[in-house]
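A look at the structure
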Amino acid sequence: QVQLVESGGGLVQTGGSLRLSCTASGGTFNNIAMGWFRQAPGKEREFVGSWSRSRPVYGGSVKGRFTIYEDDSKTTLYLQMNSLKPEDTGVYYCAGQPGRLYYSDLVREYDYWGQGTQVTVSS
């Protein structure tokens, strides 16, 4: 059983930075495809990026500004967000799919989700 917990959200001004963390119960992120998604009020959940086989893939709206990486113990996955804009505001979720070796940008292809952490970028 996989349980995910996000942390690190908060309020930041336009142009600022924030780092989100995702931890998984029961071990490391080996043999599990991970994703970051976000959801603004009244909008569909949007793909932010993924992490599989120690390689990141980014959605077009954040490419060049966000970075996904893991710590040395492979127990924490990070989302480093730079040059933040008001349109980055939303609830950010980490997601996992055990047994998949490749990335996916589809919500329906992830079985496990954290509770989300709020990110607010003021203009």
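Shown above is the structure to which this text applies.
Residues numbered from 1 in each chain as written. Predicted model: local features only at pLDDT ≥ 70, side-chain atom pairs only at ≥ 80, totals over all residues. Heavy atoms only, no water.

Under the criterion given, the structure shown has 3 salt bridges. One salt bridge in this structure joins Glu46 and Arg38, with 2.9 Å as the shortest N-O distance. Glu46 gets classed as partly exposed once you look at its relative accessible area, which sits at 32%. Taking the relative accessible area as the measure of exposure, Arg38 reaches 6% and is therefore buried. For the salt bridge of Arg38 with Asp88, the shortest nitrogen-to-oxygen distance reads 2.8 Å. With Arg38 in strand S4 (residues 32-39) and Asp88 in the loop between strand S8 (76-81) and strand S9 (90-98), the pair connects residues that are 50 residues apart, well separated along the chain. Exposure class is identical for Arg38 and Asp88. Each is buried. (Salt bridge = Lys/Arg side-chain N within 4 Å of Asp/Glu carboxyl O. Buried < 20%, exposed > 50% of the residue type's maximum accessible area, 1.4 Å probe, protein only. Helix = DSSP H or I, 4+ residues; strand = E, 2+ residues; numbered from the N terminus.)

Ranked by size, the top nonpolar core spans 24 residues in total, and within it Trp36, Leu79 and Met81 carry the most contacts. With 4 residues, strand S3 (residues 18-24) is the single largest residue contributor to this core. Setting aside chain neighbours within four positions, we find Met81 in contact with Gly16, Ser17, Leu18, Leu20, Arg65, Phe66, Tyr92 and Val119. (Core = buried A, V, L, I, M, F, W, Y, C linked by side-chain atoms within 4.5 Å. Contact = heavy atoms within 4.5 Å.)

What follows deals with the sheet that holds strand S1 (residues 4-7). If you walk across this open sheet you meet the 4 strands as S1-S3-S8-S7, and the pairing is antiparallel. Strands at the two margins of the open sheet, each flanked by one partner only, are S1 and strand S7 (66-70). Each neighbouring strand pair of the sheet contributes to a mean axis angle of 15°, computed without reference to strand direction. Strand direction decides the pairing type here: S1 and S3, joined by 4 bridges, are antiparallel. (Pairing = 2+ DSSP bridges. Axes fitted to C-alpha atoms, helices over the stretch in contact; angles between N-to-C directions.)

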